[in-house]
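Secondary and tertiary structure notes
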Amino acid sequence: IKDHATLFQAMARLQPNGSPAHLVVVGDGEERPRLEGLANRLGLGERIHFLGWRADLETILKELDVVICASRNEGTPVALIEAMAAGVSVLSTDVGGVADLVAHGETGWLVPPADPPSMARAIRHLLGDEALRARLAAAGRAVALERHGVEGLIRRVEALYTALTAAKSQ
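This report concerns the structure included in the present document. Predicted, not measured: the structure shown is a model, and the values here were computed from it.

About the cut-offs
Residues numbered from 1 in each chain as written. Predicted model: local features only at pLDDT ≥ 70, side-chain atom pairs only at ≥ 80, totals over all residues. Heavy atoms only, no water. Pairing = 2+ DSSP bridges. Helix = DSSP H or I, 4+ residues; strand = E, 2+ residues; numbered from the N terminus. Axes fitted to C-alpha atoms, helices over the stretch in contact; angles between N-to-C directions. Contact = heavy atoms within 4.5 Å. Salt bridge = Lys/Arg side-chain N within 4 Å of Asp/Glu carboxyl O. Buried < 20%, exposed > 50% of the residue type's maximum accessible area, 1.4 Å probe, protein only. Phe/Tyr/Trp six-rings, centres within 6.5 Å; stacked < 30°, edge-to-face > 60°.

**Structural notes on the sheet that holds strand E4 (residues 89-93)**
With parallel pairing, the three strands of this open sheet are ordered in space as E3-E4-E5. Edge positions in the open sheet fall to strand E3 (66-69) and strand E5 (109-111), since each of these has one partner strand only. Here the average twist between neighbouring strands, direction ignored, is 15°. Both E4 and E5 contribute to a ladder of three bridges, which runs parallel. Bridged to Leu91 within E5 is Trp109. Strand contacts of helix H4 (residues 78-85): E3 and E4, with the helix running at about 160° to E4, the strand carrying the most contacts.

In structure tokens form, the structure reads like this:
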């Protein structure tokens, strides 16, 4: 379901101006050797860093400018929720349930799936506009905490109980 190939091809399209963009891949699995090979074939071996499985995601998120979710399909993308809650701007392919979480240009940035040129343009745009990243990150954090944070969950459960109690007493 994850589309690392599109992301890697987008990275290969980015022409370094000054400091080149780097990509951190967090997580692991049986596809890692193939993905490392693809990164090397695209000439990205020194710009893509495979961290493997990590338990210190909060520490990693604090160091990132953008969290990118390149997928062919998604339900509720937990990685995007975590990034948004941590106050990091997000970029994702517009698939599955992503648009229920990310509003393009408001709480994050969306691109068509399997479109390396669009993803490269979006990465370049976001990395080149710190104010935009900050605005998206702040709005995304508010949405993630409201919809998926403890306080928001408590408010929704209270509202549900109130509505059920009112309906039962009628």
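**Some details on the pattern of salt bridges**
For side chains of opposite charge, pairing can occur when their charged atoms come near one another. Tallied over the full model, the rule gives eight salt bridges. The partner of Glu31 in a salt bridge is Arg34, and the shortest N-O contact between them spans 2.5 Å. Classification of Glu31 as partly exposed rests on a relative accessible area of 37%. With a closest N to O distance of 3.9 Å, Asp65 and Arg133 form a salt bridge. A residue pair is termed long-range when its members are at least 10 positions apart, and Asp65 in the loop between helix H3 (57-62) and E3 and Arg133 in helix H7 (residues 130-148) qualify at 68 residues. Look at Asp65 and you get partly exposed, because its relative accessible area is 45%. Using a relative accessible area of 12% as the deciding quantity, one classes Arg133 as buried. Connected via shared salt-bridge partners are Asp28, Arg32 and Glu36.

**Thoughts on the packing of aromatic side chains**
Two descriptors summarise a pair of aromatic rings, namely the distance from one centre to the other and the angle between the planes of the rings. Counted under the stated rule, the structure contains one aromatic pair. A centroid spacing of 6.2 Å and a plane angle of 80° characterise the contact between Phe8 and Phe50, whose relative ring orientation is edge-to-face. One end of the pair, Phe8, is in helix H1 (residues 4-13); the other, Phe50, is in strand E2 (residues 48-52), and 42 residues separate them in sequence. Each member of the pair, Phe8 together with Phe50, is buried.

**Quick word on unusual backbone geometry**
The backbone of Ala114 sits at a positive phi, close to 55°, despite the residue not being glycine. When its relative accessible area of 55% is taken as the criterion, Ala114 is described as exposed.

What is shown is where atoms sit, not what they do.
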